[in-house]
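A look at the structure
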Amino acid sequence: MSDTLANDRLLRALRRQPVDRTPVWLMRQAGRYLPEYRATRAAAGSFLAMAKNPELACEVTLQPLRRFPLDAAILFSDILTVPDAMGLGLYFVEGEGPKFERPVREEADVARLAVPDMETELRYVMDAVRTIRRELGGKVPLIGFSGSPWTLACYMVEGGGSDNYARIKAMAFDRPELLHRMLGTITDAVIAYLSAQRVAGAQALQVFDTWGGVLSPALYRQFSLPYLERIARELDRGEGDARAPLILFGKGNAPHLEALAASGADAVGVDWLVGLDEAARRVGGRVALQGNLDPATLYAHPRVIAGEAARVLDDYAAGNGGSREGHVFNLGHGMSPDMNPEHVAALVEAVHAHSAR
Ligand code: CP3
C-alpha cells in the first residue's frame, strides 16, 4: 500500500532508506494548542466523546496537517482505550487527567483481566483508523499506536497519573509474579491492538513507554524491556512494501539504547536527555532513531527554534557517520496546550530546509 503514498519519507526513513528531506511529525500534534481542536472538542462535549466518534477523531487527526507540511498523521485516540475496554472504566477529571473507576490492585482484579475484542469493544478505534486512512487519500502515512505494557500497568494499578508510582512499585517489589501475570495479559492485548490497527490501515506503529524511565535499570530490565521485546518479536507487521515499521518510544530510555536496538524493532524514539550523536553511535545503524528536540524549545523565538532543530539534525548525522539517513525528526515528548502554532510552522519549515539533500 505504501507504493500509493504521495509522501513516503516517514516509511523510508524508518527503513533507513534515502529520502530527499528528513521527515518530521510531532507527538501530540493534534491537541489543545490548536483553536480548531478546542472548537471540535467543545462541540463533542468532552475528550472521550470526541475520541470515541470516528468522524470527529478523523477531523482532529487531520487538523495539524491542514496547517503544517507534516510527514505523517497520527491516529487521534489515547493509550488508555485498552484498559478502558478491559473493564476499568476510564474517565477524565478536568485539570487532573485520566482516572479509572476500577483500578487493578488484588489478585482477583488481575485474574479478571482479558484481551478485549478489537472489532467490538475497540471497534471505534478501528473505525477511526479506517476513516482517517480513507480521508488521507495517500497524502502521508498514518501512524497507529499503543501504550507499552509497563506504562499501561502504571495507570491501571495507580488508578490515574502518579507522582511516585507507590502502588505499582510496591507490587513490583512485593508481588513480582502478580505484576508479571498482569503485564503478560496486557502484552497480549497490545499485540492484538496494534495488529488490528495495521489491518485497519495504520502504516507505522508506535509504542509509548512513557513511564519506563521511572524504573531503576534493574527493574526496567524485569518489568518493561522484556515486554517491549516480546511485542517486537511477536507483532505481525505485514510483508514487503506494506510492512508497517515498529517504533519503540520511551521517556528516559537512554540507559537501554543497545538493548532496544537489538529488540527487533525498526526504530527507537528517544527524549532530549541524550544527544542524538551519542544515541546514533550506540545504536550503530541497527535501528532508525526518532527525536529528540526538547518540547520546551517551542516556547523560544522562531529563529532560535530553527537553530535548535539544525543542531538536532546535525547531531544525528555526526553520530551516524555523516549521514542523515535513518532519522525521523520529532520532539523528545509531546506538545503542550500553551504552545504557539506559528512556532510549530517555523519548526517544520526549519527541519525540511536544513535537511534538504
Ligand atoms: O500525538 C497525537 O497527536 C495523538 C494523540 C494522543 C493522545 N494521547 C491524545 C490526547 C496520543 C498518542 C496519546 C497517548 C497518551 N495518552 C500517552 C502516551 C504519550 C505520552 O505523552 O507519553 C499518555 C501517557 C496518555 C494518557 C493521557 N491522556 C494523559 C496524561 C492525558 C492528558 C490529560 C490532560 O488533561 O492534559 C490524556 C488526554 C489526552 N490524550 C489529550 C489529548 C489531546 C488531552 C485531552 C483534552 O483535550 O482535554
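Residues numbered from 1 in each chain as written. Predicted model: local features only at pLDDT ≥ 70, side-chain atom pairs only at ≥ 80, totals over all residues. Heavy atoms only, no water.

Bringing the site of the ligand into the picture now. The ligand sits among 23 residues. The nearest are R28, R32, Y37, R41 and T210. Take R28: an N or O atom from its main chain is 2.6 Å from an oxygen atom of the ligand. At 3.2 Å, a backbone N or O of A30 approaches an oxygen atom of the ligand. Taking 890 Å² as the accessible area of the ligand by itself, protein coverage stands at 89%. When each cavity is represented as a set of grid points, the ligand is found to reside in the largest pocket. Going through the elements one at a time, α2 (35–44) and β3 (97–100) are the ones with two or more residues in the shell around the ligand. Residues that form the shell around the ligand fall into these classes: 14 nonpolar, five polar and four charged. (Near = heavy atom within 4 Å. Polar contact = N/O pair within 3.5 Å; in protein donor to acceptor, adjacent residues only side chain to side chain. Areas by Shrake-Rupley, 256 points an atom, 1.4 Å probe, with all protein chains shown as cover. 1 Å grid on protein atoms, 1.4 Å probe; cavity = no way out; pocket = protein on both sides within 12 Å on 5 of 7 lines; lining within 4 Å. Sits in = over half its atoms within 2 Å of the grid points. Helix = DSSP H or I, 4+ residues; strand = E, 2+ residues; numbered from the N terminus. Nonpolar A, V, L, I, M, F, W, Y, C, P; charged D, E, K, R; others polar.)

The next thing to look at is the UniProt feature "domain: Uroporphyrinogen decarboxylase (URO-D)" (unreviewed entry) in the protein chain. Per the UniProt entry, the sites bearing "domain: Uroporphyrinogen decarboxylase (URO-D)" (unreviewed entry) are residues 23–32 and 143–159 in this numbering. Taken end to end, residues 143–159 is 59% helix and 29% strand, and its first and last C-alpha atoms sit 27 Å apart. (UniProt positions renumbered as here; feature names shortened; annotations may be inferred.)

This part takes up unusual backbone geometry. The omega torsion across G291 and N292 is -10 degrees, close enough to zero to call that bond cis. Its place among the elements puts N292 in strand β8 (residues 288–293). Notably, R28 is not glycine yet its phi reads approximately 60 degrees, a positive angle. Even without being glycine, Y165 reaches a positive phi, approximately 55 degrees. The topology assignment puts Y165 in the loop between α8 (149–158) and α9 (166–174).

This brings us to the environment of Y193. The topology assignment puts Y193 in helix α10 (residues 176–200). When the C-alpha positions of Y193 and M50 are compared, they lie 20 Å apart, and in sequence the two are 143 residues distant. If near-sequence neighbours (up to four positions away) are discounted, Y193 is found in contact with S77, D78, T81, V82, M118, L122, V125, M126, F145 and S146. (Contact = heavy atoms within 4.5 Å.)

Moving on, we come to the packing of α8 against α9. One way to put it is that α8 packs onto α9 with a least axis distance of 8 Å and a crossing angle of 110 degrees. Here α8 lies roughly perpendicular to α9, going by the angle between them. As α8 runs across α9, the sense of the crossing is right-handed. Of the residues in α9, those in contact with W150, A153, C154, V157 and E158 of α8 are A166, R167, I168 and M171. For the contact of α8 with α9, the residue count by class is seven nonpolar, no polar and two charged. (Axes fitted to C-alpha atoms, helices over the stretch in contact; angles between N-to-C directions. Parallel < 35°, antiparallel > 145°, perpendicular 65-115°, else oblique. Left-handed = near helix turned anticlockwise from the far one by under 90°.)

Counted at 1.5 Å a residue, the expected span for helix α7 (residues 123–136) with its 14 residues is 20 Å, and the 20 Å between its end C-alpha atoms agrees. Among all positions of α7, only Y124, V125, M126, A128, V129, T131, I132, R133 and L136 are buried. Buried residues along α7 sit in contact with α3 (47–51), α4 (54–67), β1 (73–74), α5 (81–88), β4 (142–147) and α10. (Expected span 1.5 Å × (residues − 1). Buried < 20%, exposed > 50% of the residue type's maximum accessible area, 1.4 Å probe, protein only.)

Moving on, we get to the pairing of strand β2 (residues 90–93). As paired elements, β2 and β3 share four bridges and run antiparallel to each other. Among the inter-strand pairings, V93 is bridged to a residue of β3, identified as G97. The turn joining β2 and β3, which pair antiparallel and follow one another in sequence, is formed by three residues; a positive phi near 85 degrees is taken by G95. (Pairing = 2+ DSSP bridges.)

Moving on to the packing of α9 against α10. In the contact formed by α9 and α10, the axes pass within 5 Å of each other and the chain directions differ by 115 degrees. Taken together, the axes of α9 and α10 lie roughly perpendicular to each other. Listed contacts from α10 to I168, M171, A172, F173 and D174 of α9 are P176, L178 and L179. For the contact of α9 with α10, the class distribution of residues is seven nonpolar, no polar and one charged.

Below, the discussion takes up the UniProt feature "binding site: substrate" (unreviewed entry) in the protein chain. Feature annotation in UniProt assigns "binding site: substrate" (unreviewed entry) to the following positions: R28, Q29, A30, G31, R32, D78, Y155, T210 and H333. A stretch of 306 residues holds the annotated residues, and the largest C-alpha distance among them is 22.6 Å, long enough that they do not meet in one place. Set against the largest pocket, the annotated residues named above that line it are R28, Q29, A30, G31, R32, D78, Y155, T210 and H333. Under the relative-accessibility criterion, R32 is labelled partly exposed at 42%.

The next thing to look at is the sheet that holds strand β6 (residues 246–250). The strand order across the open sheet built from seven strands is β1-β4-β5-β6-β7-β8-β9, with neighbouring strands paired in parallel fashion. Strands at the two margins of the open sheet, each flanked by one partner only, are β1 and β9 (327–331). In this structure, β8 lies alongside β9, joined through five bridges in parallel fashion. What sits directly across from L289, in β9, is H327.

Let us look at the side chain of T131. Structurally, T131 can be placed in helix α7. With residues near it in sequence (within four places) discarded, T131 still touches P54, E55 and C58.

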